[in-house]
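The lines below spell out each chain.
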Amino acid sequence: MKNWLLFLSVLQLYCPCQVQGQTLASDCKSSDPSASLMARCQNGNTTGNGSESSAVICQESGVEADRPRSDLNKLYTRLDELNRKLLLKDVELERFNIRFRNANNVQGRWRGPRYFLSQEANTITSTAGAWAGVATRAKPIFHRFILGRNKKGEFVQERRLAFRIGLEDALIPQMVGQTIGSFGSAFELGVNLWHDHEARKLSLDPVAADKYVVRIKGEILSLLAQRAEWLDRNSNELPATHLQLATAQGLVLSDLCNLALNEYARFHIGTRRYRTFQDAIFVLDITRNMTGVAGNIVAEYATVVKRGSANAPAGVCNLVSACLTIASPVAARVIGKAAGGRAAQQLKSLVASSEHYDLLKFESDLAKIPPLLKSAARSGPVEERFFTRTEEIQSLNELSTQLHRKKFELANRETRAGTRAATQNVAAGAVIGGNKIMSGLGYMIAGFRFYHRPLDSNFLIADGGLTSGIGGTLGAADNLRIQVRSELQRRNLRQSHLLPGQILSEHMQKLDEIERRLQSLQEQTGTDDGSR
């Protein structure tokens with residue numbers, strides 16, 4: 001019995017029609033009949049108690065004491081069939097929610113390490129090039145003079161200049177690293193576009209998914225309207241306690257459908273927000289790295305042809321790249337939130353009646369069922385299967401509560417992890433980009449003002465390279481720290497069976513089992529009806 005009770009709890013997770021405040025009940029015409037039914041039920045119970053005879057209770061609720069039991073059986077069978085259809089629709093919607101999420105938020109086990117390697121290679125090689133440039137430029141700063149010969153063959157002191165070949169070689173690792181970073185981000189962006197293409201082939205893209213959910217919602221509302229109409233039409237045929245129980249079940253079914261619709265909306269909005277944020281990060285990464293490559297190419301040209309004025313455009317490119325390093329995490333997050341807000345606006349018509357729905361409301365309505373079951377069980381010799389099915393549905397509702405709790409915890413954990421990662425990205429970008437700005441400014445000042453004074457230009461560019469090297473070193477260490485922490489967290493979650501994929505897979509298995517139970521209930525109902 002515990003397993004039955006456990007399974008029938010998830011079925012109710014998906015079938016709503018009457019809830020307080022803004023719910024799906026406002027979308028269908030069954031809210032008024034349901035309210036009147038509840039009022040009749042309460043009136044029917046004002047004078048009765050558990051010790052009264054079943055005949056008295058039946059008379060108070062409008063049921064004749066000598067009504068044939070077969071007629072009541074038909075009524076309960078019809079109610080059971082409506083509940084079962086609603087629960088199956090809920091299962092279908094919940095399963096679609098999981099498929100939609102899996103198709104539109106494909107990250108892969110190795111995306112994190114893969115992206116980390118490309119960006120870490122970029123940071124390390126660029127930083128190595130910056131330090132090499134600083135070392136080359138530091139020699140004429142700390143050792144200003146060298147011993148040379150003049151035209152007469154006399155030994156004289158001459159001002160030391162930076163070794164040109166060393167400066168050229170120092171720029172090459174920076175260009176290589178930034179190119180690796182650009183290709184790494186471009187590859188991840190291409191993977192996202194490929195997954196979008198695959199989702200469209202499966203009709204799981206956001207546009208097709210919205211149409212599908214609208215259709216499912218219409219079917220659920222139609223079933224809820226039929227159920228409310230059926231209860232209103234047969235309210236005088238059922239004992240008052242049974243009518244009250246059936247009405248309370250309608251509230252729980254309504255709550256479950258609201259939860260399923262809200263879950264889809266949350267998945268949709270979250271997916272659009274995160275994917276847009278991620279794609280924006282990739283695009284901005286490509287832009288800043290390629291801008292840095294362009295700046296280093298110009299700086300290489302200035303070094304080879306000994307044209308100091310060319311350092312100015314090189315500095316401009318490096319400055320733009322540094323500013324993008326700082327702004328990318330913030331800009332991507334703003335773009336992602338805008339995309340999420342747009343998705344929420346588009347879904348407003350779909351879940352407007354339940355956008356502020358709370359899981360606690362569902363649990364509150366669910367808690368009202370057990371006392372009503374006890375009261376209904378004392379209402380006379382009616383179809384026993386009605387009580388059995390109700391207990392099974394109650395059990396599935398309880399399982400649904402557990403599954404939703406897990407998914408809410410998962411959503412909260414992902415939100416916290418996303419917020420923490422975004423904060424870390426902002427901090428790392430500020431450190432790396434802030435130091436790199438000094439490098440761009442050094443090149444710009446040297447190119448615009450001291451292009452004819454190579455010693456002063458060397459001093460400015462060396463200082464900028466020093467700050468850039470410090471920022472890059474700190475950034476490489478922070479990237480490694482974040483990745484190691486992420487892998488440790490993933491290992492702990494996998495051992496606790498709390499990875500998003502594990503939770504959703506478990507939920508899908510539960511839904512499959514619930515659907516099998518519902519199908520078995522249908523077959524059993526048909527057998528019972530045939531035996532009679």
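Residues numbered from 1 in each chain as written. Predicted model: local features only at pLDDT ≥ 70, side-chain atom pairs only at ≥ 80, totals over all residues. Heavy atoms only, no water.

Draft legend 1. Just the overall build of the protein chain, in detail. Secondary structure assignment for the protein chain yields 15 helices and 2 strands. When each of the 532 residues of the protein chain is scored for burial, the buried share is 48%. Of the accessible surface of the protein chain, which amounts to about 25200 Å², a share of 59% is contributed by carbon and sulfur atoms. (Helix = DSSP H or I, 4+ residues; strand = E, 2+ residues; numbered from the N terminus. Buried < 20%, exposed > 50% of the residue type's maximum accessible area, 1.4 Å probe, protein only. Areas by Shrake-Rupley, 256 points an atom, 1.4 Å probe, with all protein chains shown as cover.)

Draft legend 2. Fine view of the packing of aromatic side chains. In the structure shown here, the tally under the stated rule is 6 aromatic pairs. With centroids separated by 6.5 Å and ring planes inclined at 25°, the aromatic side chains of Phe 96 and Phe 100 adopt a geometry described as stacked. With Phe 96 and Phe 100 both in helix α4 (residues 69-104) and 4 residues apart, the pair spans about one turn of that helix. Grouping residues by exposure puts Phe 96 and Phe 100 together as buried. With a centroid separation of 6.4 Å and 35° between ring planes, the pair formed by Phe 96 and Tyr 264 is classed as tilted. Pair noted here: Phe 96 is in helix α4 and Tyr 264 is in helix α8 (residues 240-304), with a separation of 168 residues, a long-range link. Of the two residues, Phe 96 and Tyr 264, neither departs from the other in class, the shared state being buried. (Phe/Tyr/Trp six-rings, centres within 6.5 Å; stacked < 30°, edge-to-face > 60°.)

Draft legend 3. Main features of the environment of Leu 86. Structurally, Leu 86 is set in helix α4. Taking the C-alpha atoms as reference points, Leu 86 and Leu 223, separated by 137 residues in sequence, lie 6.7 Å from one another.

Draft legend 4. Representation of the nonpolar core within the structure. Core analysis: the biggest nonpolar cluster contains 35 residues, and Leu 93, Phe 96, Val 213, Ile 220 and Tyr 264 have the highest contact counts within it. Formed by 11 residues, the second largest nonpolar core is a distinct cluster that contains Val 252, Leu 256, Leu 259 and Leu 366. (Core = buried A, V, L, I, M, F, W, Y, C linked by side-chain atoms within 4.5 Å.)

Draft legend 5. Expanded view of the pattern of salt bridges. Within the structure shown, the criterion is met by 15 salt bridges. Here Glu 92 and Lys 89 are joined by a salt bridge, their closest N and O atoms 3.5 Å apart. Pair noted here: Glu 92 and Lys 89 are both in helix α4, with a separation of 3 residues, about one helical turn. With a relative accessible area of 25%, Glu 92 lands in the partly exposed category. Taking the shortest distance from any N to any O, the salt bridge between Asp 285 and Arg 288 comes out at 3.1 Å. (Salt bridge = Lys/Arg side-chain N within 4 Å of Asp/Glu carboxyl O.)

Draft legend 6. Expanded view of helix α9 (residues 311-346). With 36 residues, α9 extends 50 Å from end C-alpha to end C-alpha; this agrees with the ideal 52 Å at 1.5 Å per step. The sharpest bend along α9 comes to roughly 50°, located at Ala 327, with the proline Pro 329 sitting one to four residues further on. (Expected span 1.5 Å × (residues − 1). Bend = angle between axes of the 7 residues up to and from the residue.)

Draft legend 7. Region of interest: the side chain of Asn 192. Mapped onto the secondary structure, Asn 192 falls in helix α6 (residues 164-201). Relative accessible area serves as the criterion here: at 0%, Asn 192 is assigned to the buried category. Those residues in contact with Asn 192 that sit more than four places away from it in its chain are Val 106, Arg 111, Arg 275, Gln 278, Asp 279 and Phe 282. (Contact = heavy atoms within 4.5 Å.)

Draft legend 8. The confidence of the model for the protein chain, seen in detail. In this model, the protein chain carries a mean pLDDT of 75, and residues with pLDDT of at least 70 account for 73%. The model gives residues 1-66 a pLDDT under 50, and that stretch makes 212 contacts with residues more than four places away or in other chains. Across residues 527-532 the pLDDT falls below 50, and counting only partners more than four positions away or on other chains, this stretch makes 7 contacts in the model. (pLDDT = per-residue confidence, 0-100.)

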